[in-house]
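Residue strings, one per chain:
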Amino acid sequence: MPATLSLNQARRIALAAQGLDKGRPAGPVSSRAVGRTFARLQLVQIDSVNVLSRSHYLPFFSRLGNYDRSILQRMSGTHPRRMMEYWAHEASFIRPELFPDLVLWQKRSWVGAGALDPALREGVTGKILAVLAAGKPLTAAELTAKIGHVEDRRTENWGWNWNVVKRVLEHLFEEGLISAASRSEQFERRYAITERVLPDRRPVTDSRRDPVDAVRRLIDAAAQAHGIGTVRCFADYFRTPVKAAAAAVADLVAAGRLEPVSVAGWDRKVFLHSAARVPRRAAGRALLSPFDSLVFERRRLEELFGFHYRIEIYTPEHRRRYGYYVLPFLLGDRIVARVDLKADRAAGNLLVRSAYGEQDAPPGTAVELSQELELMAEWLGLGDVVVSPVGDLAAPLAAALRSGNRADPLSGNSGRVARVSPVD
């Protein structure tokens, strides 16, 4: 591969590394295909927002189409686990092989257990560990009742009013002593002793673990998931310190795992992973979750695709530009549109609350997007796709949906026609 790459080549490398350069499987999606996709990504971010679907389900839909979400539940909740929860790029499902390395580098002081009275913390810790060692996985609420802990409800910090039990649990989770065995229907963690979640793994407290080796493995995994990127890109993937990441990159260059390259238009040092490939063209099509790993690093996204993006969930409504839960739309090797989506489960509709095309979106964008939305509605078990008249792409999108789409063998779309009811 040449040491100097065009921007188009870099873009295709990034898409191939993320499994977004090809059309989707034509037949049913197997557990093995889901596992291969996860191994390529290394992690998927978890978020509690469920306006469309839980965020960790969406990256697999983007890459595989209509698949059975229970596959992920089995991968994360039954032995032998192929994915588990831990802090990485925020709360994430990670490959279990990376868990001991991440434990060495993840430090989150906001958990708050350190501010507790030491005697109280130790007492609660002992009770929690004893209960979990003797019984089944439990949520924080179940553990609070089980150990008989009582305290006044706090209301001063909206969203983070954890009681002592929850604060201690999160501290033990960060330390790697307990893990999430599964999630409840309310999306609460069910905690268990880590050795029960990963019975065949070496204890995370093993003193033989080397932080330098650990960060090198993490940066190698991050670089493989990127294909191409900068030190900051690789460090951001697992949220490792930039200084340690830079040292790891130097080691990986010396070992031949990374190669320094130049990319037209980039003014930073760029590195190519030895496993990266450059497809001759990119033929994928995908709606990307706001928490998809392709869009983690916003500067890289803008440099590669010319696409400025921000997650507006936490922006006051009157200051939002595109909407609440906005998904970029990838077509080939370009991001050509963005749509604000919501699953109206009560009415059985997929709501398109706004639709905006990018300045250089090709003429067929609305038709391609309509097919992708029909596939998503089918995957979510929803009927109509309801388009609000907001955004420059809304009218052509509604027209494309009204006209009905032919079957698309690349996406697995059955050709089901969605009815459209524009709303104010």
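Scroll up for the structure.
Heads up: these notes are all about the structure in this document. These numbers come from a predicted model, not from an experiment.

A separate point is the overall build of the protein. Looking only at helices and strands, one finds 15 helices and 14 strands in the protein. When burial is assessed residue by residue, the protein has 55% of its 424 residues classed as buried. Contacts in the protein between residues at least 24 apart in sequence constitute 67% of all its contacts with a sequence separation of at least 6. Surface summary for the protein: the accessible area is close to 19000 Å², and the carbon and sulfur share equals 51%.

Each aromatic ring pair is specified by the distance between its two centres and by the angle formed by the two planes. In total, this model carries 10 aromatic pairs according to the counting rule given. With centroids separated by 5.2 Å and ring planes inclined at 90°, the aromatic side chains of Tyr86 and Phe99 adopt a geometry described as edge-to-face. With Tyr86 in strand β3 (residues 84-88) and Phe99 in helix α5 (residues 99-105), the pair connects residues that are 13 residues apart, well separated along the chain. Comparing Tyr86 with Phe99, the two get one shared label, buried. Aromatic rings pair up to connect Phe38, Phe60, Phe61, Tyr67 and Trp379 into one cluster. Just above the ring of Phe61 sits the side chain of Arg24; from NZ or CZ to the centre is 5.2 Å. Above the face of the Trp162 ring, Lys166 is positioned so that its terminal group lies 5.3 Å from the ring centre.

Time to look at helix α13 (residues 298-305). Looking at α13, one finds that the buried residues are Arg300, Leu301, Glu303, Leu304 and Phe305. The secondary structure elements touched by the buried residues of α13 are α1 (7-17), α10 (211-226), β7 (228-229), α11 (231-238), β11 (326-331) and β12 (334-344). Phi turns positive, to about 65°, at Gly306, one or two residues after α13.

Turning our attention to the packing of α1 against α10. A pair of packed helices is captured by two measures, namely the crossing angle of their axes and the spacing between those axes. Two numbers describe how α1 lies on α10: the axes approach to 6 Å, and their chain directions differ by 115°. One way to sum up the angle between α1 and α10 is to call them roughly perpendicular. Of the residues in α10, those in contact with Ile13, Ala14 and Ala17 of α1 are Gln224, Ala225 and His226. Here the residues of the contact of α1 with α10 sort into 4 nonpolar, 2 polar and no charged.

So, on to the sheet that holds β7. Overall, mixed pairing links the 4 strands, which are arranged β1-β8-β9-β7 in an open sheet. Only two strands of the sheet have a single partner each, and these edge strands are β1 (4-5) and β7. Pairing of strand β8 (residues 258-263) with strand β9 (residues 270-273), which is carried by 4 bridges, proceeds in the antiparallel orientation. Along β9, the bridge assignment pairs Leu258 with His273.

This brings us to the pattern of salt bridges. Side chains that carry opposite charge are capable of pairing whenever their charged atoms lie near each other. Applying the stated criterion across every chain, the model contains 23 salt bridges. Ionic pairing is found between Glu372 and Arg24, a salt bridge with its closest N-O pair at 2.4 Å. Here Glu372 is found in helix α14 (residues 365-380), whereas its partner Arg24 is found in the loop between α1 and α2 (31-41), with 348 residues between them in sequence. Per residue, the accessibility class of Glu372 equals that of Arg24, and both read buried. Arg338 is the salt-bridge partner of Glu358, the closest N and O atoms lying 3.0 Å from each other. A residue pair is termed long-range when its members are at least 10 positions apart, and Glu358 in the loop between β13 (349-357) and α14 and Arg338 in strand β12 qualify at 20 residues. For Glu358, a relative accessible area of 17% puts it in the buried group. With relative accessibility at 4%, the residue Arg338 sits in the buried group. Each of the salt bridges in this network shares a partner with another, and the network as a whole consists of Glu85, Lys166, Glu170, Arg183 and Arg189.

This next bit is on the side chain of Glu372. Assessed through its relative accessible area of 0%, Glu372 is described here as buried. Leaving out residues up to four positions away in the same chain, Glu372 has contacts with Arg24, Phe61, Arg285, Ala286, Leu287 and Phe329.

By secondary structure assignment, the location of Thr37 is in helix α2. Its relative accessible area of 9% is what places Thr37 among the buried residues. Discounting residues that sit within four places of it in the chain, Thr37 has contacts with Phe60, Arg63 and Leu64.

Cut-offs used in this document
- Residues numbered from 1 in each chain as written.
- Predicted model: local features only at pLDDT ≥ 70, side-chain atom pairs only at ≥ 80, totals over all residues.
- Heavy atoms only, no water.
- Helix = DSSP H or I, 4+ residues; strand = E, 2+ residues; numbered from the N terminus.
- Buried < 20%, exposed > 50% of the residue type's maximum accessible area, 1.4 Å probe, protein only.
- Contact = heavy atoms within 4.5 Å.
- Areas by Shrake-Rupley, 256 points an atom, 1.4 Å probe, with all protein chains shown as cover.
- Phe/Tyr/Trp six-rings, centres within 6.5 Å; stacked < 30°, edge-to-face > 60°.
- Lys NZ or Arg CZ within 6 Å of the ring centre and 35° of its normal.
- Axes fitted to C-alpha atoms, helices over the stretch in contact; angles between N-to-C directions.
- Parallel < 35°, antiparallel > 145°, perpendicular 65-115°, else oblique.
- Nonpolar A, V, L, I, M, F, W, Y, C, P; charged D, E, K, R; others polar.
- Pairing = 2+ DSSP bridges.
- Salt bridge = Lys/Arg side-chain N within 4 Å of Asp/Glu carboxyl O.

Read these as geometric descriptors, not functional statements.
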